[in-house]
Amino acid sequence: MKSLESWGRYPRVEQRTQALTWRSDALPEVSGPVLPHGLGRSYGDSCLNGGGTLLLTSGLDRFIDFDPATGIVRCEAGVSLDMILRLGAPRGWFLPVTPGTKFVTVGGAIANDVHGKNHHCAGTFGRYVRRFELVRSDGSRRICSPDENPDWYGATIGGLGLTGLITWAEVQLKPISNPYVLQETVPLANLDEFLVVARESEADHQFTMAWVDCLARGKKLGRGLLYRGNFAPPQFDGLPLAKSHLSHGIGLAVPMDMPSFCLNRLTVSAFNWLYFHRQNGKPKQRLTHYDPFFYPLDAIYGWNRIYGSRGFLQFQCVVPYSTARDALRDILERSSRGGLPSFLSVLKTFGDIPSPGWLSFPRKGVTLAMDFANRGEKTYRLVEELDRVTREAGGAVYPAKDARMSPESFAAYFPRHTEFAGYVDPAFSSSFWRRMHPVSLPFSLESERALGAPQPQSVLALR
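Looking at an unreviewed UniProt entry, the protein chain carries the name FAD-dependent dehydrogenase, with the source organism given as Myxococcus stipitatus.

Q: Sorry if this is basic, but what is going on with the sheet that holds strand 18 (residues 312–319) here?
A: Hydrogen bonds between backbone groups are what pair the strands of a sheet, and the pairing can be parallel or antiparallel. One open sheet accounts for eight strands, arranged 16-12-14-13-19-20-18-21; its pairing is antiparallel. The open sheet has two edge strands with one neighbour each: strand 16 (284–289) and strand 21 (396–397). In terms of strand pairing, strand 18 meets strand 20 (residues 365–373) through eight bridges, oriented antiparallel. Paired with Val319 across the bridge in strand 20 is Val366. Of the strands in this sheet, strand 13 (207–212), strand 18, strand 19 (345–350) and strand 20 touch helix 8 (residues 321–337), which is tilted by about 10 degrees from strand 20. Packing of helix 9 (residues 377–392) onto the sheet brings it into contact with strand 18, strand 20 and strand 21, and relative to strand 18 it is tilted by some 10 degrees.

Q: Just checking my understanding: could you explain the UniProt feature "domain: FAD-binding PCMH-type" (unreviewed entry) in the protein chain for this structure?
A: The sites that carry the UniProt feature "domain: FAD-binding PCMH-type" (unreviewed entry) are, in the present numbering, residues 1–176. Within the segment residues 1–176, helix and strand shares are 14% and 30% respectively, and the terminal C-alpha atoms sit 46 Å apart.

Q: Any chance you could explain the packing of aromatic side chains here in plain terms?
A: In this description, an aromatic ring pair is defined by two values, namely the gap between the centres and the angle between the planes. Applying the stated criterion to the full structure yields 24 aromatic pairs. Geometrically, the ring pair formed by Phe94 and Phe294 is tilted, given 5.3 Å between the ring centres and 35 degrees between the ring planes. Taken together, the residues span a long stretch of sequence, with Phe94 in strand 7 (residues 93–94) and Phe294 in helix 7 (residues 290–294) at a distance of 200 residues. Judged by relative accessible area, Phe94 falls into the buried class, the value being 1%. Ring plane angle 85 degrees and centroid distance 6.5 Å describe the contact between Tyr413 and Phe414, whose orientation is recorded as edge-to-face. A relative accessible area of 1% places Tyr413 in the buried class. Taking relative accessible area as the criterion, Phe414 reaches 2% and is therefore assigned buried. These aromatic residues form a ring-pair network of at least three members: Phe94, Phe207, Phe231, Tyr290, Phe293, Phe294 and Tyr295. The cationic tip of Arg142 hangs over the ring face of Trp152; the distance from NZ or CZ to the ring centre is 4.3 Å. The residue whose ring lies beneath Arg199 is Tyr321, and the NZ or CZ to ring-centre distance is 4.0 Å.

Q: I tried to follow the pattern of salt bridges on my own but got confused; where do I start?
A: Pairing is possible between side chains of opposite charge, provided their charged atoms come close. Applying the stated criterion across every chain, the model contains 25 salt bridges. As a salt-bridge pair, Lys102 and Asp82 come within 3.8 Å of each other at their nearest N and O atoms. One end of the pair, Lys102, is in the loop between strand 7 and helix 2 (106–111); the other, Asp82, is in helix 1 (residues 81–88), with 20 residues separating them in the sequence. An identical accessibility class is assigned to Lys102 and Asp82; each is buried. Of the charged contacts, one joins Glu385 and Arg334 as a salt bridge, the two residues approaching to 3.1 Å between their closest N and O atoms. Taken together, the residues span a long stretch of sequence, with Glu385 in helix 9 and Arg334 in helix 8 at a distance of 51 residues. Here the salt bridges do not stand alone but share partners, grouping Arg74, Arg130, Arg131 and Glu170 into one network.

Each value, and the rule that gives it
Residues numbered from 1 in each chain as written. Predicted model: local features only at pLDDT ≥ 70, side-chain atom pairs only at ≥ 80, totals over all residues. Heavy atoms only, no water. Pairing = 2+ DSSP bridges. Helix = DSSP H or I, 4+ residues; strand = E, 2+ residues; numbered from the N terminus. Contact = heavy atoms within 4.5 Å. Axes fitted to C-alpha atoms, helices over the stretch in contact; angles between N-to-C directions. UniProt positions renumbered as here; feature names shortened; annotations may be inferred. Phe/Tyr/Trp six-rings, centres within 6.5 Å; stacked < 30°, edge-to-face > 60°. Buried < 20%, exposed > 50% of the residue type's maximum accessible area, 1.4 Å probe, protein only. Lys NZ or Arg CZ within 6 Å of the ring centre and 35° of its normal. Salt bridge = Lys/Arg side-chain N within 4 Å of Asp/Glu carboxyl O.

Here it is, written out as structure tokens:
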């Protein structure tokens, strides 16, 4: 067995790995449960399978078909979003929805029903998945689409890889005239201003998101910078950009785990002050390549090492507009006064476009994502407090980013979880799923517990 971790580097669990090569092959015969695993960019334990086997899909990386006239691409599940962009963008086609990194697989994007900066007008990634093949442990193969096996289609989109192995998928891309984005940066005085400006921006901008100074307090609570933009119209075709505005790829790297003392209240406060005030209090517009606009962190290889060897916990919630102001103020204040500053905090708005996925996370409201360096119990207690605040506000926490939510919270956030459980393949499981369903008696409890994986109270009480 190998000790493996997610992108957040917490928890670490022991598990086996089995590489997949051909989409036509049967599932490998292994002992214990299996779980598909792409590029491992989930932050918590939804991509881990302590004591079991990860089915590595990175070898399923072939394009099957691409129609440059319609923008429909069919590819294996291990193809990354980066690979699709390299194929489609030069030909005038872009991802309809993209998360903050392009280094995720198509299978992972479906399993987590990823969202982006344009949820208010486009919804989630799952809405653009025309069909896919699902292989079950009994050897059956299903073609799933809105019209063919629609129940399996709905259970698998956002289903965290638990319904079976996706071998290939067909995705509808969106047309673009050029690879540029007209971006505007607007300073925000506080959370109240964000709630107004973000909603107003939805009318004229495809993409919106805001960076938040998590340490600002009082009247400045929630101050930040709103980034909004649209793909550039045809008159910008062929326009040369300054080198700093071009696709940056991977140019920097974090060569080692940073010492834990590097991220503290003083350093984060200084960074936030400089980052906010570089705007000089005025909105700024510019033309930029899509790469730095959508994927700024992808320019830094191994950026998760900034948080040190213990990693970090990301907390991402969504709360309805009716409770957003009070709930987000509570979350920001708890983070600020708790002595655990979030190095990166992002606010976005979600629209009311429904996802086909039964366990899809986005819903109409405001979403806040915060990264906390792992300081042990102090961090765990804070994240669990924020989970409780979210639940009381009628919101939800994102499973792909979670490492601490309770089974009670999961049941409240995803009311179709009982129906979904009937579609989980009996040979598939994950550390997250066993944490949400402790009565299933996780066979891998010892290996997960020994390496610091979170365990629900109901499981510990049995020991």
